Number of protein chains: 2
Amino acid sequence: MKNQLPESMKAVRLSNYEKGFNSLECVAMPLPALKEGQVLIQMAAASINPSDLAFMEGNYGFKKKLPVVPGFEGSGTVVAASGPRAVKQLIGKRVACAASFDGDGSWAQYMAVGASYCLPLKKNVDIESGSSILVNPLTAYVLIEKAKKNGHTAIVQTAAAGALGRMIYRLARREKLEVINIVRRSEQIEIMKEIGAEHVLNSSDDRFDRSLLVLAKKLNATAAFDAVGGKMPALLAATMPTGSTITVYGGLSGETGELHPGILIFKQQTIDGFWLSRWMGGQSPKKMAGISSKIQDMLKTELKTDIRARYPLDKFREALEAYSQNMSGGKVLLLPF
Amino acid sequence: MKNQLPESMKAVRLSNYEKGFNSLECVAMPLPALKEGQVLIQMAAASINPSDLAFMEGNYGFKKKLPVVPGFEGSGTVVAASGPRAVKQLIGKRVACAASFDGDGSWAQYMAVGASYCLPLKKNVDIESGSSILVNPLTAYVLIEKAKKNGHTAIVQTAAAGALGRMIYRLARREKLEVINIVRRSEQIEIMKEIGAEHVLNSSDDRFDRSLLVLAKKLNATAAFDAVGGKMPALLAATMPTGSTITVYGGLSGETGELHPGILIFKQQTIDGFWLSRWMGGQSPKKMAGISSKIQDMLKTELKTDIRARYPLDKFREALEAYSQNMSGGKVLLLPF
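Residues numbered from 1 in each chain as written. Chains lettered and ligands numbered in written order. Predicted model: local features only at pLDDT ≥ 70, side-chain atom pairs only at ≥ 80, totals over all residues. Heavy atoms only, no water.

1. Examining the overall build of chain A
At step 1: The secondary structure content of chain A amounts to 11 helices and 16 strands.
At step 2: At 20 Å, chain A has a C-alpha radius of gyration in line with the 20 Å of a compact globule built from 337 residues.
At step 3: Considered along the principal axes of its C-alpha atoms, chain A spans approximately 65 × 40 × 35 Å.
At step 4: The long-range share in chain A, meaning contacts at least 24 apart out of those at least 6 apart in sequence, stands at 69%. (Helix = DSSP H or I, 4+ residues; strand = E, 2+ residues; numbered from the N terminus. Rg over C-alpha atoms; globule rule 2.2 N^0.38 Å. Contact = heavy atoms within 4.5 Å.)

Below, the structure is given as structure tokens:
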């Protein structure tokens, strides 16, 4: 198949972390060269996530060598492969895919990644929906599995009204976990009520700390998933019942927070972190296939992703603007045209 | 025996957290009344620990109702008991004892505590040595057990040159764990070298972060025990290998520190806390008896405590001064005279 491929491709390219979005361009560049164990994916769609925005501004905790194609996930069809039979067998398959740690990402017409970063799509899953099953649905799935495995019966989550927060809520309820949903703006309370959430707290309220303390105690909510960072992890540790675990998986606030040793010591709280890419790297192909299948079966229910708008690659600026203005309002996709 | 007891006793009493040490007095007060399940201990000796100093200044993370007798540990003889046979059987026994969460402490002629906070002393352990086997030796024992249980083969510890730090070092070496010892002053490097420590880093050195990063990677040191707090837990999380656990058990610096969510997320670090009193409360009497026996067998070797000076209760001010001037230089005991 390889000789049917074009010489060059269209891609969005970031050239400067300090200039961030302003350094983005849509350029023509050579197709990526395949390393051993990698597949080449002809992209069908790529989504925009909060982590993409943080990454392009240099706020994502790790940086790739510049210039680089952004985009942490997408979907497409495998058109070439380098490696053993198991890798070559992916040729022709429709896959959801995550970008590798160090290479170019999904906002391009082609992307090369290790075979373990591709999950074949089921026949009943359309390829656009497949572009958004890793960052959000897989994270929600893994976090809820973690809570169940560790015996928690009620959880606290922040950024609850976002796309991922709503998935975490729905998946938790499916698993009979109680959920305390924390939002940052009063209009987000309605979003949560509409999808049936019973416990919603606004962290901007004066009596938020007290309300959380009382409710977390009543429900014995001993696990928290935080996407906000800043003051939030320490606040959760100070407020939740003794012996709780606070798992940080995002830093939407862009801030750091004060950590008082006394909270860790006298309340016996644990604070840890979750990074999907790292987690994926540690899973067996068999386990990933099983999880992938379960997730795809929930794409029309608990893990539903709304697609709000689609833009061709060279309209990336409009796409980013539309997404930034309402990050909770459904996915904005980049299509490889 | 109870009718042989005096009406009142001598005790050190704290009346104000803001005034701290300046609010201490040596007073005559009634003997404590026994609650169900408690024993009354005629004290033989009480030690001074860093946690006592923090507690009296209101910096210990929890406060008791004032006025209160300070002192978290000591030793003595059980002279009365209230409760079932298992509690009454302690009468006449020489015990090491920890103060209860909410009541008066050990810097007095008598102390009342729950039976589970008493560990009978072996015949070959003198009662003064028994006054210092909980806060330091038991903490060292439990932390090293935790490291072993979680499969770590090398650890990092801060405040390494203190009494507890030296115990942690010796116990870790007995268990074949490699230890990176962090001290805060150059003269403490010698203290560690004298007891045979191979890896000693000074956190005041310019290149400390880099040295720790290189050494922790080389030894694969994936567990840390921190007594300093402040910037240290976050620094350890940023510097130690991915997937490490930082356990905070003290806040000697009296400071809080900035926690960056990215460290938790991208390095998959876990930060938790350890509080001996809480831990003790969760153990079975049988398990505690087993641990107590092991610890007492090491009091002349790995868990050796030097006693530097002894003061009667009414010389508490001199005792505190002597201790504060050199907290690493051996225990200062308060004797009930």
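2. Thoughts on the interface of chain B and chain A
At step 1: Listed as interface residues are 29 residues of chain B and, on the opposing side, 29 residues of chain A.
At step 2: Of the roughly 2500 Å² buried where chain B meets chain A, counting both sides, 65% is carbon and sulfur surface.
At step 3: There are 0 salt bridges connecting chain B and chain A.
At step 4: Here chain B and chain A share 7 residue pairs in polar contact (both at pLDDT 80 or more) between them.
At step 5: Put simply, the parts of the chain that give the side of chain B that touches chain A at least two residues each are strand 13 (257-259), helix 8 (261-266) and strand 14 (270-273) of chain B.
At step 6: Within the side of chain B that touches chain A, the residues separate by chemical class into 12 nonpolar, 13 polar and 4 charged.
At step 7: Bridge count for strand 13 (residues 257-259) of chain A against strand 13 of chain B is 3 bridges, and the pairing is antiparallel. Note that in strand 13 of chain B the partner of A:E258 across the bridge is B:E258. (Buried area = accessible area lost by both parts, 1.4 Å probe. Salt bridge = Lys/Arg side-chain N within 4 Å of Asp/Glu carboxyl O. Polar contact = N/O pair within 3.5 Å; in protein donor to acceptor, adjacent residues only side chain to side chain. Nonpolar A, V, L, I, M, F, W, Y, C, P; charged D, E, K, R; others polar. Pairing = 2+ DSSP bridges.)

3. As for the packing of helix 3 (residues 134-149) of chain A against helix 10 (residues 285-297) of chain A
Residue and element names in this part refer to chain A.
At step 1: Relative to each other, helix 3 and helix 10 sit at 110°, their axes nearing to 11 Å. Accordingly, the angle class assigned to the pair helix 3 and helix 10 is roughly perpendicular. Here P137, L138 and Y141 of helix 3 come into contact with helix 10, specifically with M288, I291, K294 and I295.
At step 2: Of the residues contributing to the contact of helix 3 with helix 10, the split by class is 6 nonpolar, no polar and 1 charged. (Axes fitted to C-alpha atoms, helices over the stretch in contact; angles between N-to-C directions. Parallel < 35°, antiparallel > 145°, perpendicular 65-115°, else oblique.)

4. Here's the deal with empty space enclosed by the protein
At step 1: If you walk through the whole model with that rule in mind, you get 1 cavity of 30 Å³ or more.
At step 2: Along the walls of the largest cavity sit A:G229, A:G230, A:P233, A:A234, A:G257, A:E258, A:L259, B:L259, B:H260, B:P261 and B:L264, which together make up its complete lining.
At step 3: Of all the elements in the fold, those that place two or more residues in the lining of the largest cavity are helix 7 (232-239) and strand 13 of chain A together with helix 8 of chain B. (1 Å grid on protein atoms, 1.4 Å probe; cavity = no way out; pocket = protein on both sides within 12 Å on 5 of 7 lines; lining within 4 Å. Points joined across faces, edges and corners; volume = space filled by probe spheres on them.)

5. What about the domain arrangement of chain A?
Residues and elements named next belong to chain A.
At step 1: When the domains of chain A are assigned, the result is domain 1 (2-132 + 305-335) and domain 2 (135-277).
At step 2: Here domain 1 and domain 2 have C-alpha centroids that lie 29 Å from each other.
At step 3: With 11 residues of domain 1 at the interface, the matching set in domain 2 holds 11 residues.
At step 4: Taken together, the two surfaces of domain 1 and domain 2 that pack against each other cover about 920 Å², and 57% of this comes from carbon and sulfur.
At step 5: Applying the counting rule to domain 1 against domain 2 returns 0 salt bridges.
At step 6: Grouping the constituent residues of the side of domain 1 that touches domain 2 by class yields 5 nonpolar, 4 polar and 2 charged. (Domains from an automatic or database assignment.)

6. A word on the pattern of salt bridges
At step 1: Scanning all chains against the criterion turns up 20 salt bridges over all chains.
At step 2: Taking the shortest distance from any N to any O, the salt bridge between A:R310 and A:E128 comes out at 2.7 Å. Of this pair, A:R310 sits in strand 15 (residues 307-312) while A:E128 sits in the loop between strand 7 (118-120) and helix 3; the two residues are 182 residues apart in sequence, bridging distant segments of the chain.
At step 3: A relative accessible area of 18% means that A:E128 is categorised as buried.
At step 4: With a shortest N-O distance of 3.1 Å, B:K148 and B:E145 are connected by a salt bridge. Of this pair, B:K148 and B:E145 both sit in helix 3 (residues 134-149), 3 residues apart, which is roughly one turn of that helix.
At step 5: Look at B:K148 and you get partly exposed, because its relative accessible area is 33%.
At step 6: What emerges from the salt-bridge pattern is a single network uniting A:E145, A:K148 and A:E175. (Buried < 20%, exposed > 50% of the residue type's maximum accessible area, 1.4 Å probe, protein only.)

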